[in-house]
Amino acid sequence: MEFQRLTSPDDERLDMAMALYRNSFPPHEQRTVISQKAAINHDDYHFDLIYERTFFIGFLLYWQTNAFIYVEHFCIVPEFRGKKYGQRALAHLSQKGLPIILEIDPPVDEISIRRKAFYTRAGYISNPFPHIHPPYHPGYNGHSLEVMSYPQAIAPKEYEQFRSYLENVVMRL
């Protein structure tokens, strides 16, 4: 498994990754193309394409700070799901030695329950903080998500640091 970071919004591979992005996340959870290109230029942002040999198998889009990593979007190509690529990608990310924070939909239906089980098997812990992700688009409201972290739960102070970073850095682009 190999990770290739996009560092330019002009990289020709961005279109392929954005097609998977658009098909994998509902519109209210997606950045616009303009916002995604602006994020790529931010030093903290990693738009990592995941390859197995020559096959594009997914992406891991995350923000790396000195205190934590925030996974904004993570997706494996549907035909490669269930083959441990997601688990291996998360294990690779954990080697950076920083706490990892991500958000998931509350586990209320089959897909969201399976998603939470996947992250739990990978060692992620649910956190008790009521959390509203800010909207990506005007006219939308924020949406309630569950915060998970690795390798342990985060303290209220760490949650507040994450929430502030999300609102003041991630969502400002």
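Residues numbered from 1 in each chain as written. Predicted model: local features only at pLDDT ≥ 70, side-chain atom pairs only at ≥ 80, totals over all residues. Heavy atoms only, no water.

Undergrad: I keep staring at the overall build of the protein chain and nothing clicks. Help me out?
TA: Across its full length, the protein chain holds five helices and eight strands. Listing the helices and strands of the protein chain from first to last along the sequence gives β-α-α-β-β-β-α-β-α-β-β-β-α. Taking 2.2 N^0.38 as the reference for a compact globule, 173 residues should give roughly 16 Å; the C-alpha atoms of the protein chain span a radius of gyration of 15 Å, in line with that estimate. Across its three principal directions, the C-alpha atoms of the protein chain cover 40 × 35 × 35 Å. Buried residues in the protein chain amount to 45% of all 173 residues. In the protein chain, the share of contacts with a sequence separation of at least 24, taken over all contacts with a separation of at least 6, comes to 64%. Total accessible area on the protein chain is roughly 9100 Å²; 52% of this is exposed by carbon and sulfur atoms. Both charge centroids of the protein chain, one from 18 positive and one from 20 negative side chains, sit 4 Å from each other. (Helix = DSSP H or I, 4+ residues; strand = E, 2+ residues; numbered from the N terminus. Rg over C-alpha atoms; globule rule 2.2 N^0.38 Å. Buried < 20%, exposed > 50% of the residue type's maximum accessible area, 1.4 Å probe, protein only. Contact = heavy atoms within 4.5 Å. Areas by Shrake-Rupley, 256 points an atom, 1.4 Å probe, with all protein chains shown as cover. Lys, Arg positive; Asp, Glu negative; His and termini not counted. Charge placed at Lys NZ, Arg CZ, Asp CG, Glu CD.)

Undergrad: I tried to follow the pairing of strand β4 (residues 69–76) on my own but got confused; where do I start?
TA: The side chains of a regular strand alternate between both faces of the sheet. Burial analysis of β4 places eight of its eight residues in the buried class, which makes it a mostly covered element. Across seven bridges, strand β3 (residues 55–64) lies against β4 in antiparallel orientation. By the bridge assignment, Tyr-62 is partnered in β4 with Val-71. Hairpin connection, β3 to β4: the antiparallel pair is bridged by four residues. Where β4 lies against strand β5 (residues 100–104), three bridges are found, and the strand directions are parallel. Within β5, the residue paired with Ile-69 across the bridge is Ile-100. (Pairing = 2+ DSSP bridges.)

Undergrad: What is the right way to look at the packing of aromatic side chains in this model?
TA: Within a pair of aromatic rings, the relevant descriptors are the distance that separates the centres and the angle that separates the planes. Enumeration according to the criterion identifies 18 aromatic pairs in this entry. For the ring pair Phe-68 and Phe-162, a centre distance of 6.2 Å and an interplane angle of 85° mean the geometry is edge-to-face. One end of the pair, Phe-68, is in the loop between β3 and β4; the other, Phe-162, is in helix α5 (residues 156–168), and 94 residues separate them in sequence. Of the two residues examined, Phe-68 and Phe-162, each falls in the buried class. (Phe/Tyr/Trp six-rings, centres within 6.5 Å; stacked < 30°, edge-to-face > 60°.)

Undergrad: How should I be thinking about unusual backbone geometry in this particular structure?
TA: A negative phi holds for most residues other than glycine; trans holds for most peptide bonds. Residue Pro-151 follows Tyr-150 across a cis peptide bond; omega there is 5°. Take Pro-151: it is sitting in the loop between β8 (143–150) and α5. Here the phi dihedral of Arg-53 falls at roughly 55°; this positive angle occurs in a residue that is not glycine. Along the chain, Arg-53 turns up in the loop between β2 (45–52) and β3. Non-glycine residue Lys-84 carries a positive phi angle of around 75°. In this fold, Lys-84 is placed in the loop between β4 and α3 (85–94).

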